[in-house]
Structures are given as C-alpha cells and as structure tokens.
Amino acid sequence: MPKTIGEIDSDMFKNLVIVESPAKAKTIEKFLGKEFKVMSSYGHIRDLKKKDFGIDIKNNFAPQYEIPADKKKLVDELAKLAKEAEVVWLASDEDREGEAISWHLYEVLKLTPEKTRRIVFHEITKNAILHAIENPRSIDYNLVNAQQARRILDRIVGFELSPILWRKVKPSLSAGRVQSVAVRLIVEREREIQGFTAEAAYRVIAIFLVKDENGQVTEMKAELNQRLQTKEEAMALLESCKSATFNIEDITKRPVKKSPAAPFTTSTLQQEAARKLSFSVSQTMMVAQKLYEAGHITYMRTDSFNLSSLAINTTKAEITSTMGEEYVKIRQYQTKSKGAQEAHEAIRPTYIDKHQVDGTAQEKRLYELIWKRTIASQMSDAELEKTTATIDFGAPKARFVAVGEVIKFDGFLRVYLESTDEENENDSDSNLLPPMKVGDNLAFTEISATEKFTQRPARFSEASLVRKLEELGIGRPSTYAPTISTIQNRDYVEKGDKTGVERAFNLLILKNTKISDATKTEITGNDKSKLFPTNIGVVVNDFLTEYFPDILDFNFTASVEKEFDNIAEGEVEWTVALDTFYKSFHPVVEATAAVKTERKVGERIIGVDPKSGRQVAVKISRFGPVVQIGTAEEEEKPLFASLNKSLSMETITLEEALKHFELPRTLGDFEEKTITVASGRFGPYVKHNSLFVSIPKGGDPMTITLDEAVTLILEKRKKESEKLIKSFDQDPEVEILNGRYGPYIAYKKKNFKIPKTKTPADLTYEECMEIIQKK
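Just so you know, these numbers come straight off a predicted model, no measurement behind them.

Asks: Summarise the overall build of the chain; cite the residues concerned and give the values.
Replies: The helix and strand tally for the chain stands at 19 helices and 30 strands. For the chain, the C-alpha atoms occupy an extent of roughly 95 × 85 × 60 Å along the three principal directions. Expressed as a percentage of the 775 residues in the chain, the buried residues total 48%. For the chain, contacts bridging at least 24 residues in sequence account for 70% of all contacts bridging at least 6. As displayed, the chain has an accessible area near 40,300 Å², and 49% of this comes from carbon and sulfur atoms. In the chain, the 113 positive side-chain charges and the 118 negative ones have mean positions that sit 3 Å from each other.

Asks: Outline the nonpolar core, supporting the account with residue identities and numerical values.
Replies: Counting residues in each nonpolar core, the largest one holds 123 residues, and the members touching the most others are Phe121, Leu366, Leu465 and Phe548. Considering each element in turn, this core owes the most residues, 10 residues, to helix H5 (residues 141–168). Phe121 has contacts with Lys24, Ile28, Ala91, Glu94, Ala128, Ile129, Ala132 and Tyr292, leaving out every residue within four places of it along the chain. Judged by nonpolar contacts, the second largest core, of 29 residues, contains Val204, Met220, Ile248 and Ala395.

Asks: Describe in detail the sheet that holds strand E30 (residues 750–753), supporting the description with residues and values.
Replies: Across the sheet, which stays open at both edges, the four strands sit in the order E27-E28-E29-E30 with antiparallel pairing between neighbours. With one partner strand each, in any of the chains shown, strand E27 (724–727) and E30 form the two edges of the open sheet. The mean angle between the axes of side-by-side strands here comes to 30°, regardless of whether they run parallel or antiparallel. Relative to strand E29 (residues 742–747), strand E28 (residues 735–739) runs antiparallel, the two sharing five bridges. The residue bridging Gly739 from the neighbouring strand is Gly742, located in E29. Packed on one face of the sheet, helix H18 (residues 706–723) meets E27, E28 and E29 and runs near 50° to E27. Where helix H19 (residues 765–774) meets the sheet, it contacts E28, E29 and E30, and its direction lies at approximately 80° from that of E29.

Asks: Which residues make up H5, and what values go with them?
Replies: In a regular helix each residue adds 1.5 Å, so 28 residues correspond to 40 Å; H5 covers 40 Å between its end C-alpha atoms and thus fits that length. Among the 28 residues of H5, 20 are classified as buried, and the element is accordingly described as predominantly covered. Capping of H5 at its N-terminal end is provided by Asp140; its side-chain oxygen lies 3.0 Å from the backbone amide nitrogen of Asn142.

Asks: Tell me about the packing of aromatic side chains, and please be specific about residues and values.
Replies: Under the defined criterion, the tally for this structure stands at 18 aromatic pairs. With 5.2 Å between their ring centres and 20° between their planes, Phe581 and Phe585 make a pair best called stacked. Placement of both Phe581 and Phe585 in helix H16 (residues 574–594) is noted, with a separation of four residues, approximately one turn of the helix. Between the aromatic rings of Tyr685 and Phe692, the centroid separation amounts to 5.5 Å while the plane-to-plane angle is 55°, which identifies the pairing as tilted. Classification of Phe692 by relative accessible area gives partly exposed; the value is 43%. Over the aromatic face of Phe554 sits the side chain of Arg184, whose NZ or CZ is 4.2 Å from the ring centroid. In this structure, Lys276 is placed above the aromatic ring of Tyr416, and the distance from its NZ or CZ to the ring centre is 4.8 Å.

Asks: Please set out the environment of Glu385 residue by residue, giving values where relevant.
Replies: Topologically, Glu385 is positioned in strand E12 (residues 382–392). Residue Glu385 is classed as partly exposed on the basis of its relative accessible area of 21%. On a C-alpha basis, the gap between Glu385 and Tyr333 in space is 26 Å, while along the polypeptide they are 52 residues apart. Non-local contacts of Glu385, meaning those with residues more than four positions away in its chain, are made with Lys253, Arg254, Gly404, Glu405, Val406 and Lys408.

Asks: Can you tell me about the sheet that holds strand E26 (residues 691–694), naming the residues and giving the values?
Replies: What the four strands build is an open sheet, ordered E23-E24-E25-E26; its pairing is antiparallel. Here the strands that pair on one side only, and so sit at the sheet edges, are strand E23 (665–670) and E26. Strand-to-strand, the axes of this sheet are offset by a mean angle of 25°, without reference to chain direction. Across five bridges, the pairing between E23 and strand E24 (residues 673–680) is antiparallel. Its bridge partner lying in E24, Arg665 is registered against Val677. Across the sheet, H18 touches E23, E24, strand E25 (683–688) and E26, and the angle it forms with E26 is around 105°.

Asks: With reference to specific residues and values, describe the side chain of Arg155.
Replies: Position of Arg155 relative to the elements: it lies in helix H5. Among buried charged residues, Arg155 stands out as having no salt bridge; its nearest opposite-charge side chain is Asp47, 5.4 Å away. Sequence-distant contacts of Arg155, defined by excluding residues within four places in its chain, comprise Leu48, Lys49, Lys50, Asp52, Phe53, Gly54 and Ile55.

Asks: Any chance you could break down H16 for me, citing the residues and the numbers?
Replies: The end-to-end C-alpha distance of H16 is 31 Å, a good match for the 30 Å that 21 residues give at a rise of 1.5 Å each. For H16, the principal kink sits at Tyr582 and spans about 30°. Residues of H16 that are buried include every one of Trp574, Thr575, Ala577, Leu578, Phe581, Tyr582, Phe585, Val589 and Thr592, and no others. Against the buried residues of H16 lie strand E5 (62–63), H5, helix H14 (535–547) and helix H15 (554–568).

Asks: Explain the packing of helix H12 (residues 462–472) against helix H13 (residues 480–489) to me, and be specific about the residues and the numbers.
Replies: Closest axis-to-axis distance for the H12/H13 pair is 11 Å, and the angle between their directions is 120°. Put simply, H12 runs oblique to H13. Taken as a pair, H12 and H13 cross one another with a handedness that is right-handed. Judged by residue contacts, Glu462, Leu465, Val466, Leu469 and Glu470 of H12 engage Tyr480, Ile484, Ile487 and Gln488 from H13. When grouped by side-chain class, the residues that make up the contact of H12 with H13 number six nonpolar, one polar and two charged.

Asks: Requested: an account of the confidence of the model for the chain, with residues and values cited.
Replies: Scored by pLDDT, the chain has a mean of 89; 96% of the residues are at 70 or more. Per-residue pLDDT stays below 50 along residues 1–11; that stretch engages in 18 contacts with residues further than four places along the chain or on separate chains. In the predicted structure, residues 338–342 sits below a pLDDT of 50 and forms 23 contacts with residues beyond four places in sequence or in another chain.

Asks: If you had to explain unusual backbone geometry to someone new, which residues and values would you point to?
Replies: For Asn512, which is not glycine, the phi dihedral falls at a positive 50°. Here Asn512 is to be found in the loop between strand E16 (501–511) and strand E17 (514–524). Located in the positive-phi region is Thr513, a residue other than glycine, with phi close to 65°. A residue is classified by how much of its surface remains accessible, and Thr513, at 55% relative accessible area, is exposed.

Asks: If you had to explain the pairing of strand E19 (residues 604–608) to someone new, which residues and values would you point to?
Replies: Sheet analysis places E19 next to strand E20 (residues 615–621), joined by four bridges and oriented antiparallel. Looking at the pairing, Gly607 lines up with Val616 of E20. Between the end of E19 and the start of E20, which pair antiparallel, lie six residues, with Gly613 showing a positive phi angle near 75°.

Asks: Could you give an account of the packing of helix H8 (residues 266–277) against helix H9 (residues 281–293), with specific residues and numbers?
Replies: Between two packed helices, the angle of one axis relative to the other and the distance separating the axes together describe the packing. Packing of H8 against H9 brings their axes to within 9 Å, and their N-to-C directions diverge by 115°. Taken together, the axes of H8 and H9 are roughly perpendicular relative to one another. With respect to the hand of their crossing, H8 and H9 are arranged in right-handed fashion. Contacts from Thr266, Leu269, Gln270 and Ala273 of H8 reach H9 at Val281, Thr284, Met285 and Ala288. Considered class by class, the residues forming the contact of H8 with H9 number five nonpolar, three polar and no charged.

Asks: Let's hear about the environment of Ile45: which residues, and what values?
Replies: Within the secondary structure layout, Ile45 lies in the loop between strand E2 (36–40) and strand E3 (47–48). We classify Ile45 as buried; its relative accessible area is 2%. Spatially, the C-alpha atoms of Ile45 and Ile319 are 44 Å apart, while their sequence positions differ by 274 residues. In contact with Ile45, not counting residues within four places along its chain, are Ile67, Pro68, Lys71, Val75, His104, Leu105 and Val108.

Conventions and cut-offs
- Residues numbered from 1 in each chain as written.
- Predicted model: local features only at pLDDT ≥ 70, side-chain atom pairs only at ≥ 80, totals over all residues.
- Heavy atoms only, no water.
- Helix = DSSP H or I, 4+ residues; strand = E, 2+ residues; numbered from the N terminus.
- Buried < 20%, exposed > 50% of the residue type's maximum accessible area, 1.4 Å probe, protein only.
- Contact = heavy atoms within 4.5 Å.
- Areas by Shrake-Rupley, 256 points an atom, 1.4 Å probe, with all protein chains shown as cover.
- Lys, Arg positive; Asp, Glu negative; His and termini not counted.
- Charge placed at Lys NZ, Arg CZ, Asp CG, Glu CD.
- Core = buried A, V, L, I, M, F, W, Y, C linked by side-chain atoms within 4.5 Å.
- Pairing = 2+ DSSP bridges.
- Axes fitted to C-alpha atoms, helices over the stretch in contact; angles between N-to-C directions.
- Expected span 1.5 Å × (residues − 1).
- Polar contact = N/O pair within 3.5 Å; in protein donor to acceptor, adjacent residues only side chain to side chain.
- Phe/Tyr/Trp six-rings, centres within 6.5 Å; stacked < 30°, edge-to-face > 60°.
- Lys NZ or Arg CZ within 6 Å of the ring centre and 35° of its normal.
- Salt bridge = Lys/Arg side-chain N within 4 Å of Asp/Glu carboxyl O.
- Bend = angle between axes of the 7 residues up to and from the residue.
- Parallel < 35°, antiparallel > 145°, perpendicular 65-115°, else oblique.
- Left-handed = near helix turned anticlockwise from the far one by under 90°.
- Nonpolar A, V, L, I, M, F, W, Y, C, P; charged D, E, K, R; others polar.
- pLDDT = per-residue confidence, 0-100.

Written out as structure tokens, the structure is:
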C-alpha cells in the first residue's frame, strides 16, 4: 500500500501524479507538497495509427496504436520520471476517455501494478484530491474497453465509408457514425420547412374597461376561446359584437406551483448557455473546462442530476443564511440515463458560498449561471394564483377568456428561471385581474381579429440539436460538442442567419360600432445562428440514407450507444460487439462499392438552355456544387459555373441556374485597368490587373457595384502590404511575413517558425538562412 501524505519524507519527490492538462496540474499542485511532482500528458499520448487502418480485423479487432511525433519527447520525459518515482498516480478524468488515457500511460510507460495507483475525483478541491489519494483503485478495464470499442467502431465506419464517398460523390469527403445522423436531422428539418404550407386563422382579442380596486377605470385583455378559420367568420363575429351584451359568466381562482429545473448536466448546460449567454456548444465546453481545471466547478461531462449530500447541505446553509428557511426545499433529482460513462454528480460550484469567481468575462458569466441553477434546484416552489374570467356575449359556444396570474411567493424564481427554445406568440400576462364578480356587465373599447399563420418547424440551433440527440439516445456528454463542430468543419452544415420574408396579413378592428379592414405586413422566417445543411451535406446524406440505412437509422445509432454502455458495465465483451457490427456492416460496403449509377450521385437535371438547346443540370464536382450546361457525351465540351452558395441544389430554378453563365461581368475601370467579376472553383471573385479578390460570404457577384469592388481591392492591397515584414536583395524568395499565428519565414513555398528569442524585423539574411537550414 502507498504511504499517506503525512508519512512521505519531504527530502525527495517519491510521487509522480499524471493528469491530462497543464491547467489541472497547476491547480492540483497547490494542494500537494513538494514530495509530489504533478505532470501533464496533454491529453492522449497515443492513438490509432493515422495513415493506416490501424485495426487488425482478423486478430479480434486488435488496435494498432502509435505515439504521435509531437508526443515522443513528452513520453520520454514521463517515462524517466516514472522510473525515479516510488508511486505513480494516474489522475486523468473519471469518464471513459479519462480511463483510456490512464491505461495508455500505464502501457506506454511500462508501469507495474505495485507502483501504480489510479485516482479519480469529480472536483479539484483539496479535500477531493486528498480523499482520492487515500482511496486509490486500479484501472477500470470495462471503461477502457468501452472507449476502445467506440474509437475502433468509428474508425471502421470512417475508413470504409469515406472512400465510397470519394468515388461516388466527391474526393476528400468523410463520413462519421454520429455525425451522419446529426446531418440527417438537419437535412430532414430543412425539407420539412421547404414542404411546409402555412394555414391561416383569425385570433380575436377584446379590450374591456373594468374598474380596479381604487375605482379607476383600467383595461383588461380577453381572448376568444377559439380561432376563426375564415375572414367571413371573423367579420360575422365582429358584427354580432356590435349589439352584444358582455357579462362575467364565471370566475375561477386556483393555486399554481412552479418547480425549479434540475442542476445542470452537460447537455442542459450547453442548451441554457446558448439561450441565456449566446454561447456555442464548443465555447460552453471550453469555458466549463477552464472553470473545472481552476477548481471552481465539478466535472463538466456528466449526464447525472445527482448532488452529493455535502453539496446539498452547503446549498441549504447558503439559502437559509441569504434568503431564509422558507426558501429551502431539499430535492434529489432522478437521472434519466444509465450514466455508465460519465461522472456521478451534476455540474455545480465546488464552493457554493462563492458567488463569483476571478477569470475572463465568459468564465464569470458561465459560473454565475451554474451557481444560480444549483441554488435554485434546492429552493422552494414558486406559488402563484391563477384567475380565469369567462365572458359571455350570447354566442352558443364562443366565450372571451381573461387570464391573470400573480406571484404569492417567489420561491426559486427569486434566483433563476429556465429559458426555452419555443417561440410563443401568446402574450404572457402575469398581472392580477381587476376585481370582478359573476354577472357584472362589461363594455369594450375595441375588438380585433388578426389573421395569424401556423408556424413552420424551427431550424435547429446548436443547443436544440444537442437536446434532440439526447432525446434520441444518440451520443453521450463527451460527444455532443465534437459532433457539432465536426459537421460544420466538414462543410456538411453551416451555422448562419437567414433574413425573413415579408408577408401580408389581414387585420379587422371593431371600434365605435365601425369595423375597419386593413392589410398589414410582417416579417416571417427570420433565423439567427441556426444550422443549415449545405448542398454537399444534402447529397451525402441522401446517398448514405439510400445505401446505408442502418448507419443513418436513429434507433440503430442509439442501440450502438447502449452497447457501449453495456461494455462499460462489464455486461458485454467489446470484441464480440464489434464483430456483430462488422459482420452486418462490411458486406453492405462491398455491395455499394460495386453499384454502378446511371448518373453522378446528387445530379439534378433542371431543364434545357433556350440558347443552345443543351441540358442544364446541377451536381457535385470535385471542386464542389456546380451548374453544368451540356453533357460529357456531347462533342462540344460542357460549360461549368460554381453554384452560388446561397442557392440550394434541390430548389434552384432554370432561370437562377442560367444566371451563373452571365459571368464574367465588366464593372468599369479603376487606375486605368478594367475590373471584372467572375466565379471560380473557390467561389465568386473580383479581378483587377493581376490581383484576385474573393467576394465575401453573402456578397452577390451579379449585383456587386464598381465602388464595392474598389473597396475590396484596396482592402486586399492594405492587407498584403502589412503582411510583408522584410525581404532580402540577396534572395527575393526569402521573406519574413506576418501570418495568422504570428511572424514566420517563407522560402520556396515552405514556412519556417521564428524562435521566440528573435525579433522578426531585426533578422538578417544570414540568420534567416540559418533558421531554414536547421529545420
């Protein structure tokens, strides 16, 4: 057994602690004495071979691991320190990924059970670290195997599907198991939106005059309890209201309770940070990681709602001391998922009495959100009183209904209210209704009938996509953020805004016995920071859905996730699970590779060019989506134009397609040289003399003006002049340039890093050549 901290001599270090991040190492080091050396592995120290398949299928799916070149020096250093240490403490995170990191360290550093201890903790506090050291365990091979199974299965899917996409759709494409399902959700939602037809109905609202408790006349809003389907019905109702008598038919009062939301899990934190702070999913995880590593919050990859008894007791004490005992209500929330993979506690502050933390503005805002949610989860229900007044006006079934709500006891609402993604058109009245009694007669100032339309399905935001993936059981807390980043990086999905369109609606108003009839306009379909499928994403999705329905099936993908959970629980042998999957998957890959299609996957024939009589089509070329006039079989070569990014291959019209061939356009002269606009393999651009300038995203090559083009040219010149720091007469090919990541030396189409000890502008030609030769 290892010695406890108090028993270890402090004259030399005997304990090596290895964690996966330098920030985590720095925090832990503060809690341990000089006899402990804390080092970081900087994540995984080895992975499946990059260039090869990296899996020996015939040898029971044996993974072939390699240490990346940039990790070899670190591994040598860790191996040397591990040899010197009496005890090596593997302290990576407590989920499957963390367990696998510890196992790789154990294998690569050639550690022995006698001198190795695995320790886990879900918060980086002194008590948690010391408790972990006093209660070490061995490596959990079930968790390791669950991680290996996921990594290997995903490599198999990617390695076998991607070459088929290269041949059938476009070179350099790649496919992933969970990512493909996420893209499918976004593509299908887009098609739902395209196929949606809005239906109209009239919403009727009356404004009545009622005396309040002080005898003053006040307005009260009431809504008709049904929607009217046609303008005729709405007009008829308003006509009947001219002579109707309005009286209170019924008044009901009932108590309403609102309960707080559970403490945060990974997915609910991602959703709420998107809604309240406008954070992207990856941004939330990056900031949460920093808060965890600094010791401010518990582990941020979890699907558990559970809070430890210590956390509940300290939260109770905090609420009692700041708000009073009546605000406390202890709650234990039930975790819906098995939680086999993740930490066994919700995301919460490590010290609940710490209302704020030091750090960046983002860290402070996210911490405050976590603190409020945790506190609110242990607070009393909010108590409200809801009053409903029903107003009769002589119609057989129709009634006007006024609803008022008043908070009797604020409870958890004093601290926090969860946001939603829903767009609610109903006005939320949380005011107390004026005093009234059954039988009272009411007079109205006006009654309006507004034409309203059914809302189309909402496009996914990053947060709502996470919620959908979780609902379907696809992915786990550690995979949501990487999945959403990957589908955007691969250009299958893009996050963006869409300007709404103007729509007319009818408004009828009854006032002073007269009915006005007006046509108004509104903007509908506005989208901000939503996920849109790209043309390539749609084509790849359709291809995979047709030929690999299992991989794109929601239930199948969820069942694979459950299988990983079973492996983590020790209920299933990981190689057996992989063998079952591979035997059904591989034959489909071989069969699909052999299929010959009549035309290119995703190609859509739009019509005929009226000038030449040749076929017009859209398809995916090796450079991306294009419009094509003519076919390869014809004697005359086909004409190609890159498809405008704002257009969809599914909905583009013949007229829109032919506009692509109106380029290049001549805009005019600047500095005695002509400016033209054209479209190339990388999109639309402006050309002036020998300078090419890309038209920014959202710019239209068909409408760009001469002034706008000149502005782009001048901006490009300025940027290029600022890029060059220094050049040399001895060899014009040697240049010191400003880059994205700082200054560097460029020579013969290769880039060379400048040492931090050197000032770029002061470098001589000889010094530059020395740096180049050393590399």
